[in-house]
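# Structural characterization, general
Chain by chain, the residues:
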Amino acid sequence: MRPLELIELVVQFAVFVESRFKHELNCARPYEHSAQVQPMITTPGHGTLPSGHATQSYAVAHVLARLLNVAAPGGMAEPRDVQLQRLAARIATNRVVAGLHFPVDNLAGRLLGHTLGEYVMARLLGPGNNWQPRRFDG
């Protein structure tokens, strides 16, 4: 197994998909709604929904958790699953605190990240691994 290459693949796949949504939806960022919002870092020039960092981190967390569950004896990797989800949530929340996103951007990114992570795992593990598409009505 080549975990770093797999993580890079998942991140690039997430970037490709999330970018399509960002450009189609073209949602304004928090500073565009209020001059009181002063982002801590340079604000990207594209839309805000879904959060790319949330999408990427939740997709990677899902794939790693599934791989750990598959590799762990008896599938007993729950504490690691929880830690991966917490890390993804922290990455996403930091973008809200920095003034770059709204909380709903993270919610959409989490849903998209989980869906993409499930899709990647279904493709990796082959037949018999169902992928469940989802909808988000923001």
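Structure first, text after, so check above.
The text that follows walks through the structure, step by step, so that each part is easy to find. Keep in mind that this is a model prediction, so the values were computed, not measured. All chains use their own residue numbering, which begins from 1 and follows the written sequence. Local features in this predicted model are restricted to residues of pLDDT 70 or higher, and side-chain atom pairs are both shown and tallied only at a pLDDT of 80 or more, whereas totals for entire chains, interfaces and linings draw on every residue. As a rule here, side-chain values come from all non-hydrogen atoms in the structure, and water together with hydrogens is ignored.

As a further point, take unusual backbone geometry. In this structure, the amide linkage connecting leucine 49 to the following residue, proline 50, adopts the cis form with an omega of -5°. Numbered from the N terminus, helices here are DSSP runs of H or I no shorter than four residues, and strands are runs of E no shorter than two. The topology assignment puts proline 50 in the loop between helix H2 (30–33) and helix H3 (52–71). In this structure, asparagine 26 takes a positive phi of about 50° despite not being glycine. One can find asparagine 26 in the loop between helix H1 (3–25) and H2.

One broad rule of soluble globular proteins: the nonpolar side chains tend to lie buried together. By convention a nonpolar core is built from buried Ala, Val, Leu, Ile, Met, Phe, Trp, Tyr and Cys residues, the set being connected through side-chain atoms within 4.5 Å. The rule is simple: take the accessible area with a 1.4 Å probe, protein chains only, and divide by the maximum for that residue type; under 20% is buried, over 50% is exposed, in between is partly exposed. Among the nonpolar cores identified, the biggest contains nine residues, and these are Leu6, Val10, Val11, Ala59, Val60, Val63, Leu67, Val120 and Met121. By residue number, the principal contributor to this core is H3, which donates four residues. Non-local contacts of valine 63, meaning those with residues more than four positions away in its chain, are made with Leu6, Val10, Gly117, Val120 and Met121. In this structure, Tyr58, Ala61, Ala88 and Ala92 belong to the second largest nonpolar core, which totals seven residues. When checking whether two residues touch, look at their non-hydrogen atoms; a contact exists if any pair is within 4.5 Å.

On to the packing of helix H4 (residues 78–97) against helix H5 (residues 103–125), then. Angles run from 0 to 180 degrees between N-to-C directions of axes, and those axes are lines fitted to C-alpha atoms, restricted for helices to the stretch in contact. Running from amino to carboxyl end, H4 crosses H5 at an angle of 145°, the nearest separation of the two axes being 9 Å. The chirality of how H4 crosses H5 is right-handed. In this structure, H4 uses Gln85, Ala92, Thr93 and Val96 to contact H5, whose residues at the interface are Pro103, Asn106, Arg110 and His114. In the contact of H4 with H5, the residues fall into three nonpolar, four polar and one charged. Left-handed describes a crossing in which the near helix is turned anticlockwise from the far one by less than a right angle; the clockwise case is right-handed. Gly falls in the polar group here, along with every residue not listed as nonpolar (Ala, Val, Leu, Ile, Met, Phe, Trp, Tyr, Cys, Pro) or charged (Asp, Glu, Lys, Arg).

The topology assignment puts serine 34 in the loop between H2 and H3. Sequence separation between serine 34 and valine 96 is 62 residues; the distance between their C-alpha atoms is 14 Å.

Let us look at the side chain of threonine 115. Along the chain, threonine 115 falls in helix H5. The exposure class assigned to threonine 115 is buried, which follows from its relative accessible area of 9%. In the analysis that follows, any N or O atom pair within 3.5 Å is treated as a polar contact, provided that within protein one partner can donate a hydrogen and the other can accept it, and provided that, for residues neighboring in sequence, both atoms belong to side chains. There is a polar contact of 2.8 Å between the side chain of threonine 115 and the backbone oxygen of leucine 111. The residues touching threonine 115, leaving out its near neighbours within four places in the chain, are Trp131, Gln132 and Arg134.

So, on to the environment of threonine 42. Along the chain, threonine 42 falls in the loop between H2 and H3. Look at threonine 42 and you get exposed, because its relative accessible area is 72%. Put simply, threonine 42 and alanine 98 are 56 residues apart on the chain and 9.8 Å apart in space, counted from C-alpha to C-alpha.

A separate point is a nonpolar patch on the surface. Among the surface-exposed residues, Met40, Ile41 and Val97 lie close enough to one another that they form a single nonpolar patch of about 320 Å² accessible area. Looking at the element boundaries, isoleucine 41 is found in the loop between H2 and H3. Any residue with relative accessible area above 30% and no salt bridge may belong to a patch, with like charges joined within 9 Å and the nonpolar Val, Leu, Ile, Met, Phe, Trp and Tyr side chains within 5 Å. Surface exposure here means Shrake-Rupley accessible area, sampled with a 1.4 Å probe, where a residue is shielded only by the protein chains that are shown. The term salt bridge refers to a side-chain nitrogen of Lys or Arg lying within 4 Å of a carboxyl oxygen of Asp or Glu.

Moving on to H4. Helical periodicity: at 3.6 residues per turn, an α-helix aligns residues three or four positions apart in one direction. Its 20 residues give H4 an end-to-end C-alpha distance of 28 Å, which sits within 8% of 28 Å, the value for a rise of 1.5 Å per residue. For H4, every residue scored as buried is listed here: Asp81, Leu84, Ala88, Ala92 and Arg95. Buried residues of H4 fall within an arc of 70° about the axis and therefore sit on the same side. Summarising the geometry of H4, the exposed residues directed more than 90 degrees from the buried face are Pro79, Arg86, Arg90 and Val97. Glycine 99 occupies a position one or two residues after H4 and carries a positive phi of about 85°. Here the expected span of a helix is defined as 1.5 Å times the quantity of residues minus one. An arc is given here, and it is the one of the directions from the helix axis to the C-beta atoms.

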